[in-house]
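Notes for the structure review
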Amino acid sequence: MIKSWIYVVGCFEKMEAVKIGITCRPTHQGRLQQLQTGNPFNLHVYAEFPVNRWHVSKKEANIHKTLSDKKLQGEWFNIHPRQAIAVVKNELGLREKAA
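Just so it is clear, the model here is predicted, and its values are computed rather than measured. Each chain carries its own residue numbering, running from 1 in the direction its sequence is written. Since the coordinates come from a predicted model, pLDDT governs what is reported: local features require at least 70, and pairs of side-chain atoms require 80 or more to be given and counted, while whole-chain, interface and lining totals use all residues. Derived side-chain values reflect all non-hydrogen atoms in the structure, with water molecules and hydrogen atoms excluded from consideration.

Helical segments are the DSSP runs of H or I of at least four residues, strand segments are the runs of E of at least two, and each set is numbered from the N terminus. In terms of helices and strands, the protein chain carries three helices and five strands. Counting from the amino terminus, helix and strand elements in the protein chain follow one another as β-β-α-β-α-β-β-α. Per-residue accessibility takes into account occlusion by the displayed protein chains alone, with areas from the Shrake-Rupley method and a 1.4 Å probe. A total of about 6300 Å² of accessible surface is found on the protein chain, and carbon and sulfur atoms cover 51% of it.

A residue-level look at the protein chain finds 90% of positions with pLDDT of 70 or above and a mean pLDDT of 87. Within the protein chain, helix 2 (residues 56-66) carries the highest mean pLDDT (96), whereas helix 1 (residues 27-36) carries the lowest (75). The predictor attaches a confidence to each residue, and that confidence, scored 0 to 100, is pLDDT.

Moving on: the nonpolar core. Counting 17 residues, the largest nonpolar core has Ile6, Val8, Ile20, Ile63, Leu67 and Val88 as its most contacted members. Elements represented by at least two residues in this core include exactly strand 1 (3-11), strand 2 (14-23), strand 3 (43-52), helix 2 and helix 3 (81-92). Each residue touching Ile63, except ones within four places of it in the same chain, is listed here: Ile6, Ile20, Val87, Val88 and Glu91. By size, the runner-up hydrophobic cluster in this structure holds five residues, among which are Tyr7, Val9, Cys11 and Leu35. Put simply, buried Ala, Val, Leu, Ile, Met, Phe, Trp, Tyr and Cys residues joined by side-chain atoms within 4.5 Å make one nonpolar core. The cut-offs for exposure are 20% and 50% of the maximum accessible area for each residue type, with area from a 1.4 Å probe on protein chains only; residues under the lower value are buried, those over the upper are exposed, and the others partly exposed. The contact criterion used throughout is that any non-hydrogen atoms of two residues lie within 4.5 Å.

Bringing the pattern of salt bridges into the picture now. Definition used for salt bridges: Asp or Glu carboxyl oxygen within 4 Å of a side-chain nitrogen of Lys or Arg. Counted by the stated rule, this structure contains two salt bridges. Glu75 is paired through a salt bridge with Lys19; the nearest N and O atoms lie 2.3 Å apart. Separated by 56 residues along the polypeptide, Glu75 in the loop between strand 4 (71-73) and strand 5 (76-78) and Lys19 in strand 2 bring together distant segments of the chain. Here Glu75 falls in the partly exposed class, since its relative accessible area comes to 25%. The closest approach of N and O atoms between Lys59 and Glu91, which form a salt bridge, is 3.7 Å.

The buried fraction of strand 1 amounts to eight of the nine residues, a majority that puts the element mostly inside the structure. Should DSSP find at least two bridges between two strands, the strands are regarded as paired. Pairing analysis gives nine bridges linking strand 1 to strand 3, with the strands arranged antiparallel. Bridge pairing links Tyr7 to Glu48 in strand 3.

Tracing the sequence through the fold places Trp5 in strand 1. Along the backbone, Trp5 and Gly21 are 16 residues apart, and their C-alpha atoms lie at a distance of 8.2 Å.

When you line up the elements, His64 lands in helix 2. Looking at His64, the relative accessible area reads 17%, which means it is buried. Contacts described as polar in this section are N or O atom pairs within 3.5 Å, which, within protein, must combine one atom able to donate a hydrogen with one able to accept it, while residues neighboring in sequence count only if both atoms come from side chains. Of note is the side chain of His64, whose polar atom sits 2.8 Å from the backbone oxygen of Ile20. Each residue touching His64, except ones within four places of it in the same chain, is listed here: Ile20, Glu75 and Phe77.

Written out as structure tokens, the structure is:
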């Protein structure tokens, strides 16, 4: 199975601004550096999830649609990282682990 990733990226300074996007390789392998360019705040990868490449664009579109009322600009949303991760997990059919 060919994988892509859906990631949740943001910065500690602006906790309520996160980017939810897709990449063809894990975020730490270059994508974060690309996103950091031109951003005045240090970005952090909050989560990344492997997804079958054939489904990743549809999954991302569904996530963005779910969060459309929180959209700042492009793929950036006014939402806490934990909430963003929960939306992504829900779309991917992943369950939260019980503590």
